[in-house]
Amino acid sequence: MRTRLFRGLVTTLLVVLALGMIAGCTTMDRRATPVAEAGFAPERLTTWTRPVEITFEFGEDVVGTASYTVVLGVFKSGEVPTSAGGLLSASTMLLGVITGAQAEDPQIATAAFKAVQSVGADGLFVTSVEIEENSFLWFYKSRTITVRGKAMTLVDLGQVSEDRADNARYLRLLPTGGIALPETMTGDTWLPVQPR
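Residues numbered from 1 in each chain as written. Predicted model: local features only at pLDDT ≥ 70, side-chain atom pairs only at ≥ 80, totals over all residues. Heavy atoms only, no water.

Engineer: What's the story with the overall build of the protein chain in this structure? I'm lost.
Structural biologist: Across its full length, the protein chain holds 3 helices and 5 strands. Traced from its N-terminal end to its C-terminal end, the protein chain shows the element sequence α-β-β-β-α-β-β-α. As displayed, the protein chain offers around 15700 Å² of accessible surface, 58% of which is attributable to carbon and sulfur atoms. (Helix = DSSP H or I, 4+ residues; strand = E, 2+ residues; numbered from the N terminus. Areas by Shrake-Rupley, 256 points an atom, 1.4 Å probe, with all protein chains shown as cover.)

Engineer: What is the right way to read the nonpolar core from this model?
Structural biologist: For soluble globular proteins, nonpolar side chains are generally found buried alongside one another. Formed by 15 residues in total, the largest nonpolar core has its most connected members in Ile108, Leu124, Val126, Val129, Ile145 and Val147. Elements supplying a minimum of two residues to this core: β1 (52-71), α2 (106-119), β4 (123-136) and β5 (140-159). Sort the elements by how many residues they give to this core and α2 lands first, with 5 residues. (Core = buried A, V, L, I, M, F, W, Y, C linked by side-chain atoms within 4.5 Å. Buried < 20%, exposed > 50% of the residue type's maximum accessible area, 1.4 Å probe, protein only.)

Engineer: Even after reading the chapter, I still don't get the environment of Asp61, so can you show me in this structure?
Structural biologist: With respect to the helices and strands, Asp61 occurs in strand β1. Using a relative accessible area of 57% as the deciding quantity, one classes Asp61 as exposed. Distance in space between the C-alpha atoms of Asp61 and Ala151 is 6.3 Å, their sequence separation being 90 residues. When residues no more than four places from it in sequence are discounted, the contact partners of Asp61 are Gly149 and Lys150. At 3.2 Å, the side chain of Asp61 and the side chain of Lys150 are in polar contact. (Contact = heavy atoms within 4.5 Å. Polar contact = N/O pair within 3.5 Å; in protein donor to acceptor, adjacent residues only side chain to side chain.)

Engineer: Looking at this structure, how should I read the sheet that holds strand β3 (residues 93-96)?
Structural biologist: In a beta sheet, neighbouring strands are held together by backbone hydrogen bonds and run either parallel or antiparallel to one another. As summarised here, the arrangement of the 5 strands in space is β2-β1-β5-β4-β3, forming an open sheet in which the pairing is mixed. Edge positions in the open sheet fall to β2 (75-78) and β3, since each of these has one partner strand only. Geometrically, the sheet is characterised by an average inter-axis angle of 35° between neighbouring strands, direction not taken into account. Here β3 pairs with β4 via 4 bridges, running parallel. If you follow Leu94 over to β4, its bridge partner there is Leu124. Sitting on the sheet, α2 touches β1, β3, β4 and β5, and the angle it makes with β1 is about 125°. (Pairing = 2+ DSSP bridges. Axes fitted to C-alpha atoms, helices over the stretch in contact; angles between N-to-C directions.)

Engineer: It is not clear to me how α2 should be interpreted in this structure. Could you clarify?
Structural biologist: It helps to recall that an α-helix has 3.6 residues per turn; residues three or four apart then point in one direction. With 14 residues, α2 ought to run about 20 Å at 1.5 Å a step, and its terminal C-alpha atoms sit 21 Å apart, in line with that. Taken together, the buried positions of α2 are occupied by Pro106, Gln107, Ile108, Ala109, Thr110, Ala111, Ala112, Ala115 and Val116. Turning to α2, the residues buried within the fold contact β1, β3, β4 and β5. Looking one or two residues past α2, Gly120 carries a phi angle of roughly 70°, positive in sign. (Expected span 1.5 Å × (residues − 1).)

Engineer: Even after reading the chapter, I still don't get the side chain of Thr146, so can you show me in this structure?
Structural biologist: Mapping Thr146 onto the fold places it in strand β5. A residue is classified by how much of its surface remains accessible, and Thr146, at 13% relative accessible area, is buried. Residues within four places of Thr146 in sequence aside, it is in contact with Val63, Gly64, Thr65, Ser128, Val129 and Glu130.

Engineer: Got a minute to help me understand a nonpolar patch on the surface in this structure?
Structural biologist: A contiguous nonpolar patch, built from Val71, Leu72, Val74, Phe75, Phe136, Leu137, Trp138, Phe139 and Tyr140 and spanning about 960 Å² of accessible area, is present on the exposed surface. Mapped onto the secondary structure, Leu137 falls in the loop between β4 and β5. Judged by its relative accessible area of 65%, Leu137 is exposed. (Patch = residues over 30% accessible without salt bridge, like charges linked within 9 Å, V, L, I, M, F, W, Y side chains within 5 Å. Salt bridge = Lys/Arg side-chain N within 4 Å of Asp/Glu carboxyl O.)

Engineer: Any chance you could explain the packing of aromatic side chains here in plain terms?
Structural biologist: Each aromatic ring pair is summarised here by two numbers: the centre-to-centre distance and the angle between the ring planes. Taken as a whole, this structure holds 4 aromatic pairs when the rule is applied. Taking the centre distance of 5.6 Å and the plane angle of 80° together, the rings of Phe56 and Phe58 count as edge-to-face. Phe56 sits in the partly exposed class, given a relative accessible area of 33%. Measuring from centroid to centroid gives 5.8 Å for Phe58 and Phe125, while their planes differ by 85°, and the two rings are edge-to-face. Separated by 67 residues along the polypeptide, Phe58 in strand β1 and Phe125 in strand β4 bring together distant segments of the chain. (Phe/Tyr/Trp six-rings, centres within 6.5 Å; stacked < 30°, edge-to-face > 60°.)

Spelled out as structure tokens, the structure:
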């Protein structure tokens, strides 16, 4: 019985030794080393939206008038011009012949605003500006301005298609000068075709 026990013990010991030699040994290094160089550079947040196309339609002919009178330099009546730019704000759509010093005249702005307001339009294409002035020394002064033009109404055409918006963005990013667009387009785009 001792021999059996001795043999079993020797066999077990040999199996354990063989397994230890086959498995080998592994060491692990747990030291943390710092990175030589690192940085964090976040990109700016940008939001891309597809533009909405807007155009305008011409309507009827309209006329707007603004006038004022000053007596003895003190007594005033009518739409006396102020430095605030009349009734017309900078966001009102005006096209046409108002240029130069006329564009800064608050009484012309008031007459144009009245023309636009008379038909409920969004803007005015000015075709003529008439200025009539009367004065007698410093005792009396009157001024009447008449603005004529075509009423303009904004029309919403809806959101631009995805392909057109991408084309416009792509063309905006091209460097100016020296870049030639391809002779032919793929469908309605100059952009490379993306596999889907």
